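# Topology and contacts: notes
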Amino acid sequence: EKGTYPHYMLKEIDEQPIVIRKILKEYSDNQGELKIDQTIVEAIKEADRLYIVAAGTSYHAGMVGKNFFERLANIPTEVHVASEFVYNTPLLTEKPMFIFISQSGETADSRAVLVKVKELGYKALTITNVPGSTLSREADYTLLLHAGPEIAVASTKAYTAQVAVLSILAQAVAQSKNIVNGIDLSHELSIVANAMDTLCEYREEYEQMARDFLSDSRNAFYIGRGLDFAVCLEGALKLKEISYIQAEGFAGGELKHGPIALIENGTPVFALATQENINLNIRGNVKEVVSRGANACVISMKGLDMKGDAFVLPEVHPLLTPLISVVPLQYISYYAALHRGCDVDKPRNLAKSVTVE
Ligand code: M6R
């Protein structure tokens with residue numbers, strides 16, 4: 001039920017801090033230590049490479065997950081769009097392990113890959129919000145998102161839940177491999193939940209940002225590097241699917257290889273700056289677009305912020321920034337769609353679960 005909320009999407013964005021806390025609870029043992037079913041951890045440890053398969057927003061969560069498995073647990077990881085994987089299967093390693101990410105657990109493109117994976121005799125884990133869903137039943141293992149029903153077609157809380165569960169899984173594997181990475185993940189995720197609470201208090205600012213940057217635009221660009229790039233793809237998807245503004249995410253460094261030709265006077269460009277090692281690079285990219293007339297909206301993280309930034313995010317662990325940088329982008333998309341009179345919860349041409357290939 002959406003209660004006093006005008007739209008499910010707004011309610012689901014607001015629920016994200018609660019969902020992170022729920023996930024922390026569901027994946028903690030009696031001592032408050034994060035815990036994942038040991039059989040799943042072992043299956044991942046045995047693999048020489050992980051193959052994450054998903055579609056849409058879940059694919060974007062997978063892009064973030066790759067960083068967790070590689071940086072926390074030292075496991076090479078590839079992320080694939082399900083519809084591509086099924087007909088253009090990459091050369092697999094000797095001991096692959098598959099991770100399917102799907103809010104609904106019903107996405108036909110992902111199911112087609114899972115059928116193939118099973119035929120080949122490989123193991124698969126499904127990370128889903130829906131217990132008993134097809135992808136869950138057909139995989140060897142399941143991890144639940146515990147995000148509660150997601151009704152709005154535009155996925156919000158399922159994305160942050162996917163990212164959080166992936167971080168917990170990667171850290172559980174790291175611990176089991178005795179890798180010391182110095183991250184107290186449960187503590188860091190609590191900080192994320194608190195940061196999300198703070199972010200939910202700035203709705204008026206996001207609404208104003210939607211007005212300032214997206215009022216009359218036919219298109220919008222999102223630029224970022226590393227983890228920020230993954231979030232840019234998600235921010236652009238969110239905007240295009242509900243507001244019908246043409247929106248594209250680019251890796252900051254790719255701008256000069258083509259996309260910068262699209263920048264005109266007033267073109268909105270959202271830039272994310274949450275990563276210290278590439279802060280100056282992305283700032284350079286912002287300068288490049290501004291000098292060509294772009295209306296740049298820089299969203300940075302505290303400590304990396306600079307004069308003129310449109311919004312400064314509370315500080316969280318650098319690996320977990322995708323959980324919070326996405327929040328303003330979700331709200332901005334929501335308000336942009338609202339201002340255009342779009343059907344926020346049920347955008348045209350889209351279904352909540354895509355059960356045809
Ligand atoms: O249920 P799934 O996570 O498998 O769905 C995948 C995509 O269809 C989904 O994320 C879609 O891109 C959303 N509408 C994005 O907001």
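Remember, predicted model here, so these are calculated numbers, not experimental data.

### Here's the deal with the site of the ligand
The environment of the ligand is made up of 15 residues, and the closest members are Ser 58, Ser 102, Ser 104, Thr 107 and Glu 241. At 2.6 Å, a side-chain N or O of Ser 58 approaches an oxygen atom of the ligand. Measuring from an oxygen atom of the ligand, one finds a side-chain N or O atom of Thr 107 at 2.4 Å. Relative to its free-state accessible area of 410 Å², the ligand is covered by the protein chains to the extent of 90%. With respect to the detected pockets, the ligand is housed in the largest pocket. Breaking the shell around the ligand down by element, the ones donating at least two residues are helix H4 (56-73) and helix H11 (227-243).

### Observations regarding the sheet that holds strand S2 (residues 77-81)
Read across the sheet, five strands follow the order S2-S1-S3-S4-S5 without closing on themselves; strand pairing throughout is parallel. The sheet is open, and its two edges are formed by S2 and strand S5 (141-144), each paired on a single side. Adjacent strand axes in the sheet meet at a mean angle of 20 degrees when their direction is disregarded. As defined by bridge partners, strand S1 (residues 49-54) adjoins S2 across five bridges and the pair is classed as parallel.

### Points about the environment of Ala 82
Structurally, Ala 82 can be placed in helix H5 (residues 82-87). Note: C-alpha distance between Ala 82 and Gly 253 (171 residues apart in sequence) is 26 Å. Leave out the neighbours within four places in its chain, and Ala 82 touches Val 53, Ala 54, Asp 109, Ser 110 and Val 113.

Rules used throughout
- Residues numbered from 1 in each chain as written.
- Predicted model: local features only at pLDDT ≥ 70, side-chain atom pairs only at ≥ 80, totals over all residues.
- Heavy atoms only, no water.
- Near = heavy atom within 4 Å.
- Polar contact = N/O pair within 3.5 Å; in protein donor to acceptor, adjacent residues only side chain to side chain.
- Areas by Shrake-Rupley, 256 points an atom, 1.4 Å probe, with all protein chains shown as cover.
- 1 Å grid on protein atoms, 1.4 Å probe; cavity = no way out; pocket = protein on both sides within 12 Å on 5 of 7 lines; lining within 4 Å.
- Sits in = over half its atoms within 2 Å of the grid points.
- Helix = DSSP H or I, 4+ residues; strand = E, 2+ residues; numbered from the N terminus.
- Pairing = 2+ DSSP bridges.
- Axes fitted to C-alpha atoms, helices over the stretch in contact; angles between N-to-C directions.
- Contact = heavy atoms within 4.5 Å.

All quantities given are derived from atomic positions and should not be read as evidence of function.
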